[in-house]
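Topology and contacts: notes
One-letter residues, chain by chain:
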Amino acid sequence: MNVIGKNIGNSLDEMYEEISSQAFANGRSEIVLESFEGGTFSSVIWEAEKIKIRLHNGVPTHAMPRILGVALQHIRQRLDKFPSVQKTDNDVIGGSLVRDALRELVLAPEANEHLAHLNLDTEWEDEQRHQGLKQLIKDAPEEFHHIGEPGNAFASLLYARYCFDHPETMWNQLKKQFAAELPAAAENGESIAEIVGKNGWTTPTAALSSLRLTREELNLGAYVAIEDRLKSELI
């Protein structure tokens, strides 16, 4: 499979065809792969007739199957009517980061479970995320310390996500640094991880419960809406 000029082998061929067929059955003619330069590894853009997956050109070839696989799983999640996170009319500065972190807290582990059997190379991605969080903790702005601020909510959600979505040996190192530098966010993160661990993410209903209860735990209702795609409503 050739992806933005990189030959990534055939590990994703079957998954790509299955999800492309599912998208076609839901009115999208094709999935298009594009390269881009940006602050994320990938992004998915839904258009009227097709779906674009944008992949960061800086991702090395050996890491690309994993990055593309995650993007494909996010498409599958939407087609399977997993919930999403949306802004409200009362958005705040930093609200977008909080919503993205909340969504990934629940949907990233679910995507990972669907990719686990492929044994894709995660080393590069894990190292990038590890160094990114390490630097973020070191340079954390003041609002990360104050409960009720979007920055503290963002940091708390990152902590909880890394509990599920980072190699244990690497997370054990960062966890101590996090607790020392951002104790309030670490404490909130532990509570959130317990909530999500109890409610899970394996079905749209479970994922919806985890998102809703996490939103309540952090009091994010003013600027975080949750889209229940099973019922086609915002809650």
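First things first, this report covers the structure right here in the doc.

Quick look at the nonpolar core
Ranked by internal contacts, the top residues of the largest apolar core, which has 38 residues, are Val 98, Leu 133, Leu 157 and Phe 178. Secondary structure elements with two or more residues in this core: helix H3 (95–115), helix H4 (123–138), helix H5 (150–165), helix H6 (168–181), helix H7 (183–199) and helix H8 (204–218). Here this core takes eight residues from H5, the largest share from any one element. Among residues more than four places away in sequence, those in contact with Val 98 are Pro 150, Ala 153, Phe 154, Leu 157, Leu 220, Tyr 223 and Val 224. Ranked by size, the runner-up nonpolar core spans 25 residues in total, among them Met 15, Phe 41, Ile 51 and Leu 72.

Quick notes on the packing of H3 against H8
Relative orientation of the contacting elements H3 and H8 amounts to 145°, with a least axis distance of 10 Å. Two packed elements cross with a definite hand, and for H3 against H8 that hand is right-handed. Contacts from Leu 102, Arg 103, Leu 105 and Val 106 of H3 reach H8 at Ala 207, Ser 210, Leu 211 and Thr 214. Of the residues belonging to the contact of H3 with H8, the class tally is five nonpolar, two polar and one charged.

A short note on the pairing of strand E4 (residues 42–46)
In the sheet, E4 pairs with strand E5 (residues 50–56) via five bridges, with the strands oriented antiparallel. Bridge pairing in E5 links Ser 43 to Arg 54. Joining the antiparallel neighbours E4 and E5 is a turn of three residues.

A word on the layout of surface pockets
Here the second largest pocket defines a volume of roughly 170 Å³. Lining the second largest pocket are Asn 26, Arg 28, Trp 46, Arg 78, Leu 79, Lys 81, Glu 227, Arg 229 and Ser 232. Within the lining of the second largest pocket, the residues separate by chemical class into two nonpolar, two polar and five charged.

Some points on the packing of H4 against H6
Viewed as axis vectors pointing N to C, H4 and H6 meet at an angle of 15°, and their least axial separation amounts to 10 Å. By the criterion of interaxial angle, the relationship of H4 to H6 is roughly parallel. Where H4 crosses over H6, the handedness of that crossing is left-handed. Here Asp 126, Glu 127, His 130, Leu 133, Lys 134, Ile 137 and Lys 138 of H4 come into contact with H6, specifically with Met 170, Trp 171, Gln 173, Leu 174, Gln 177, Phe 178 and Glu 181. Here the residues of the contact of H4 with H6 sort into six nonpolar, three polar and five charged.

Conventions adopted
Residues numbered from 1 in each chain as written. Predicted model: local features only at pLDDT ≥ 70, side-chain atom pairs only at ≥ 80, totals over all residues. Heavy atoms only, no water. Core = buried A, V, L, I, M, F, W, Y, C linked by side-chain atoms within 4.5 Å. Buried < 20%, exposed > 50% of the residue type's maximum accessible area, 1.4 Å probe, protein only. Helix = DSSP H or I, 4+ residues; strand = E, 2+ residues; numbered from the N terminus. Contact = heavy atoms within 4.5 Å. Axes fitted to C-alpha atoms, helices over the stretch in contact; angles between N-to-C directions. Left-handed = near helix turned anticlockwise from the far one by under 90°. Nonpolar A, V, L, I, M, F, W, Y, C, P; charged D, E, K, R; others polar. Pairing = 2+ DSSP bridges. 1 Å grid on protein atoms, 1.4 Å probe; cavity = no way out; pocket = protein on both sides within 12 Å on 5 of 7 lines; lining within 4 Å. Points joined across faces, edges and corners; volume = space filled by probe spheres on them. Parallel < 35°, antiparallel > 145°, perpendicular 65-115°, else oblique.

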